[in-house]
Amino acid sequence: MRLDSLLLLTACAALTACDPTTPEPDDPTPQPQGDPCAPYGHIHREATGDWCHCDRGYLAATDGLACVVDPNYVPRTEFDFGDKGEHACWHVTHGPYATVMASTTAQPRVDAFHTFYTVKLRPEGGQYVGTFQFKSYATGDFIAYLSHEDVPFTFHEGTKRVEPAATEPIPAELRDGACEGELVRMVGYELTDKVQYTVTVGPTEHSELSLVIEHL
């Protein structure tokens, strides 16, 4: 037998690759698991148990991890700003007060109940920015009352931006009266209980702003 033929037979015997009936070995690489809450929501995996955060118009199933159609859902036509900021303005003069400092090493919280925050931003690129944490304590409509009209202000859930439901200026009589000019703008959001949100502020020319976040 020629040497090259002998080498070929030896290689085939060692690798079993020349036998078409030999099954392929199992792939030991862990395969990513699909999201059982998709396509109408996404899963939250927590120590207390997994749960579905469902999109608007859907709700979590009672018999498993899934998002199903909410039979009672009625699409909203407008956002209700309630008292237009009267209660938030009350906190301007009555507190309670808290100050948070933006940092590159931590994300301070801005979710204390009924609290008037002074948010101090950090310099970056010739302007000011800040990142903060807000954990929703209910499901429903929330309003962020801000001291500046032009400051970029966003909620994120993970990498997904939460689009505001509506934005509106505080009426002039409240802005210049009870609010003493400290709160001028309202931004409405639909938030979900237990969800950890990231609040980003800036970039802006302002080094600080006043903030109150209320649940309607």
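Worth saying up front: this structure is predicted, and the values here are computed from it rather than measured.

What counts and how
Residues numbered from 1 in each chain as written. Predicted model: local features only at pLDDT ≥ 70, side-chain atom pairs only at ≥ 80, totals over all residues. Heavy atoms only, no water. Helix = DSSP H or I, 4+ residues; strand = E, 2+ residues; numbered from the N terminus. Contact = heavy atoms within 4.5 Å. Polar contact = N/O pair within 3.5 Å; in protein donor to acceptor, adjacent residues only side chain to side chain. Buried < 20%, exposed > 50% of the residue type's maximum accessible area, 1.4 Å probe, protein only. Phe/Tyr/Trp six-rings, centres within 6.5 Å; stacked < 30°, edge-to-face > 60°.

### Looking at the environment of D111
1) Next: By secondary structure assignment, the location of D111 is in the loop between β5 (97–101) and β6 (116–120).
2) Next: Between the C-alpha atom of D111 and that of S136, which follows or precedes it by 25 residues, the distance is 7.5 Å.
3) Next: In this view, D111 contacts Y117, Q133, F134, K135 and Y137; residues no more than four positions away in its chain are not counted.
4) Next: Here the side chain of D111 touches R109 through a polar contact of 2.7 Å, side chain to side chain.
5) Next: In terms of polar contacts, D111 uses its side chain to reach the backbone amide nitrogen of K135, at 2.9 Å.

### Notes on the side chain of T154
1) Next: Along the chain, the position of T154 falls in strand β10 (residues 153–157).
2) Next: Residue T154 is classed as buried on the basis of its relative accessible area, which comes to 11%.
3) Next: Residues in contact with T154, not counting those within four places in the same chain, are R161, Y189, T198, V199 and T200.

### Describing the packing of aromatic side chains
1) Next: Enumeration over the complete set of coordinates arrives at 11 aromatic pairs.
2) Next: Judged by centre distance (6.5 Å) and plane angle (50°), the ring pair of F134 and Y137 falls under tilted.
3) Next: In this structure F134 comes out as buried when scored by relative accessible area, which is 1%.
4) Next: On the accessibility criterion, Y137 (31% relative accessible area) is partly exposed.
5) Next: Aromatic pair F134 and F155: ring centres 5.6 Å apart, planes at 85°, arrangement edge-to-face. In this pair, F134 sits in strand β8 (residues 127–135) while F155 sits in strand β10, placing the two residues 21 residues apart along the sequence. Residues F134 and F155 agree in their burial class; the two are buried.
6) Next: A network of ring pairs unites the aromatic residues F113, F134, Y137, F142, F153, F155, Y189 and Y197 as a single cluster.

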